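# Notes for the structure review
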Amino acid sequence: MSINLEAHFEKEDMANLAADRLRQSGMLFDIIDLKPAAARWKTDGDLQNAAFFKPVENFVAEASSGMPFNHMCARVQGTPRAVNEIKRDTVGSMVLRIKVSEKSLGKAEKIIRNSGGYGLKIIS
């Protein structure tokens, strides 16, 4: 039985490198698709969505209140890159879909991850 595997890569070169390493490994597989990933988010310069707004460093929000103080301030602490941040597709990212046997699945996953692949999932 064969399994369809999908992986994302930051650049086309990395996806091609993974395909070459899979070929060199001697395992039997078929490339179903190798195409640019659809960018789900706009570029970093654009305001993506008010719900997902990332405040700039030392951002201070002010709101008037009915209390004795003229206004209250809230400081938003944010880091640009978290340790466990999920990778997102960018403009140049690629999607590689392959078909491998169940026996070769573990080896294929290892080769793809070592070639810079992320977001691996089994697709139907």
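Residues numbered from 1 in each chain as written. Predicted model: local features only at pLDDT ≥ 70, side-chain atom pairs only at ≥ 80, totals over all residues. Heavy atoms only, no water.

### Topic: the side chain of asparagine 4
Worth spelling out the cut-off: Helix numbering and strand numbering both begin at the N terminus, where a helix is a DSSP run of H or I of at least 4 residues and a strand a DSSP run of E of at least 2. A simple rule labels every residue: compare its accessible area, found with a 1.4 Å probe on the protein chains alone, to the largest value its type can have, and call it buried under 20%, exposed over 50%, or partly exposed in between. By definition in these notes, contact holds between two residues if any of their heavy atoms fall within 4.5 Å.
Looking at the element boundaries, asparagine 4 is found in strand S1 (residues 2-9). The exposure class of asparagine 4 is buried, given its relative accessible area of 19%. Once residues lying within four places of it in the same chain are set aside, the contact partners of asparagine 4 are Ile32, Ile98, Lys99, Lys121, Ile122, Ile123 and Ser124.

### So, the packing of helix H1 (residues 12-24) against helix H2 (residues 105-114)
In plain terms, the rule: Orientation is described by lines fitted to C-alpha atoms, with helices fitted over the stretch in contact, and by angles between N-to-C directions that extend from 0 to 180 degrees. A clockwise turn of the near helix away from the far one marks a right-handed crossing, whereas an anticlockwise turn of less than a right angle marks a left-handed crossing. Amino acids outside the nonpolar list (Ala, Val, Leu, Ile, Met, Phe, Trp, Tyr, Cys, Pro) and the charged list (Asp, Glu, Lys, Arg) are all regarded as polar, and Gly is one of them.
Their axes nearest at 9 Å, the elements H1 and H2 cross at an angle of 140 degrees. Seen from above, H1 lies across H2 with right-handed handedness. Packed against H1, whose contacting residues are Ala18, Arg21 and Leu22, the element H2 presents Ala108, Ile111, Ile112 and Asn114 at the interface. For the contact of H1 with H2, a count of residues per class yields five nonpolar, one polar and one charged.

### What to know about H1
Rule in force here: Here a helix's expected span is defined as the number of its residues, less one, multiplied by 1.5 Å. This arc describes the spread of directions from the helix axis toward the C-beta atoms.
Helix length check: H1 (13 residues) gives 18 Å between terminal C-alpha atoms against 18 Å at 1.5 Å per residue, within 8%. Turning to H1, its buried residues are Ala15, Ala18, Ala19 and Leu22. All buried residues of H1 fall inside an arc of 95 degrees around its axis, so they share one side. Of the exposed residues in H1, the ones pointing more than 90 degrees away from its buried face are Asp13 and Gln24. Positive phi appears at glycine 26, one or two residues downstream of H1, with a value of about 90 degrees.

### Some words on the sheet that holds strand S2 (residues 29-36)
Where we set the bar: Strand pairing requires that DSSP identify at least two bridges connecting the strands.
Pairing in this open sheet of four strands is antiparallel, and the strands run S2-S5-S1-S6 from one edge to the other. Bordering the open sheet on either side are S2 and strand S6 (118-123), each of which pairs with just one other strand. Mean inter-strand twist for the sheet, computed between neighbouring axes without regard to direction, equals 20 degrees. With four bridges connecting them, S1 and S6 associate as antiparallel partners. Its bridge partner lying in S6, asparagine 4 is registered against isoleucine 123. Sitting on the sheet, H2 is in contact with S1, strand S5 (94-101) and S6, with an inclination near 10 degrees to S1.

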